[in-house]
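Inside the fold
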Amino acid sequence: AQSVTQPDIHITVSEGASLELRCNYSYGATPYLFWYVQSPGQGLQLLLKYFSGDTLVQGIKGFEAEFKRSQSSFNLRKPSVHWSDAAEYFCAVGPRAAGNKLTFGGGTRVLVKP
Amino acid sequence: EPEVTQTPSHQVTQMGQEVILRCVPISNHLYFYWYRQILGQKVEFLVSFYNNEISEKSEIFDDQFSVERPDGSNFTLKIRSTKLEDSAMYFCASSTITIDIQYFGAGTRLSVL
């Protein structure tokens, strides 16, 4: 069965510092990979996705993620965090076909210190 | 930018009552989904829906749950007899049939008392 692990439940980072959120997955084949962000009172907003090709993918809000097949990882990074990046971040995997369920990790809550 | 709209944002109900959660998916999307997130837990898949049929459902989606597309724009989740453990945030999502990017609404927080 597929699963997604986000080892860090909470991360506190200073504004302007770099951020890396970890995501490891277990899946029978190479899945589609996603990062979503949930700001307080908001829905899940897609940050970026990996389907195929270049293993370093760029997303919105200055985020990027790197797919490493050998490590079954899809870590999210941002070089310089802004106060507005305080939110909960979810990694998700899905099969390579439309209409199928996403499996989510438990989420990482990011707090940004001034 | 098109978005998925969910109403109400918060629903409070008594145990045993029926609730209907409503969603308006993005207009050209043909796959629709419901997920839920119990407080402090993971976002869990409930059901996917395509061409007026359930495509896939999880073990959570038992006979107490049903989904419907009553008209050309709405997609609903009905819980027939709510239980305390149904208290959660319910997310609706939609996608096209060619690209599996699911777009989520802001969610409905269901509180069962």
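Up top is the structure these notes are about.
As the structure is a computational prediction, the values presented were derived from the model and not from experiment. (Residues numbered from 1 in each chain as written. Chains lettered and ligands numbered in written order. Predicted model: local features only at pLDDT ≥ 70, side-chain atom pairs only at ≥ 80, totals over all residues. Heavy atoms only, no water.)

The next subject is the side chain of B:Arg36. Tracing the sequence through the fold places B:Arg36 in strand E4 (residues 31-37). B:Arg36 gets classed as buried once you look at its relative accessible area, which sits at 9%. (Helix = DSSP H or I, 4+ residues; strand = E, 2+ residues; numbered from the N terminus. Buried < 20%, exposed > 50% of the residue type's maximum accessible area, 1.4 Å probe, protein only.)

Glancing now at the interface of chain A and chain B. Facing the 22 residues of chain A at the interface are 21 residues of chain B. Between chain A and chain B lies a buried interface of about 1700 Å² when both sides are counted; carbon and sulfur atoms form 60% of it. There are zero salt bridges connecting chain A and chain B. Put simply, the parts of the chain that give the side of chain A that touches chain B at least two residues each are strand E5 (32-38) and strand E6 (44-50) of chain A. A total of four residues in the side of chain A that touches chain B trace back to one element, the largest contributor, which is E5(A). A breakdown of the residues in the side of chain A that touches chain B according to their chemical character gives 13 nonpolar, seven polar and two charged. (Contact = heavy atoms within 4.5 Å. Buried area = accessible area lost by both parts, 1.4 Å probe. Salt bridge = Lys/Arg side-chain N within 4 Å of Asp/Glu carboxyl O. Nonpolar A, V, L, I, M, F, W, Y, C, P; charged D, E, K, R; others polar.)

We now examine the state of the cysteines. Residues and elements named next belong to chain A. Within the structure shown, the criterion is met by two disulfides over all chains. With a sulfur-sulfur separation of 2.0 Å, Cys23 is cross-linked through a disulfide to Cys91. Sign of the S-S torsion, about -65 degrees for the bond between Cys23 and Cys91, identifies this disulfide as left-handed. Of this pair, Cys23 sits in the loop between strand E3 (19-21) and strand E4 (24-26) while Cys91 sits in strand E10 (residues 87-94), and the two are 68 residues apart along the sequence. (Disulfide = S-S within 2.5 Å.)

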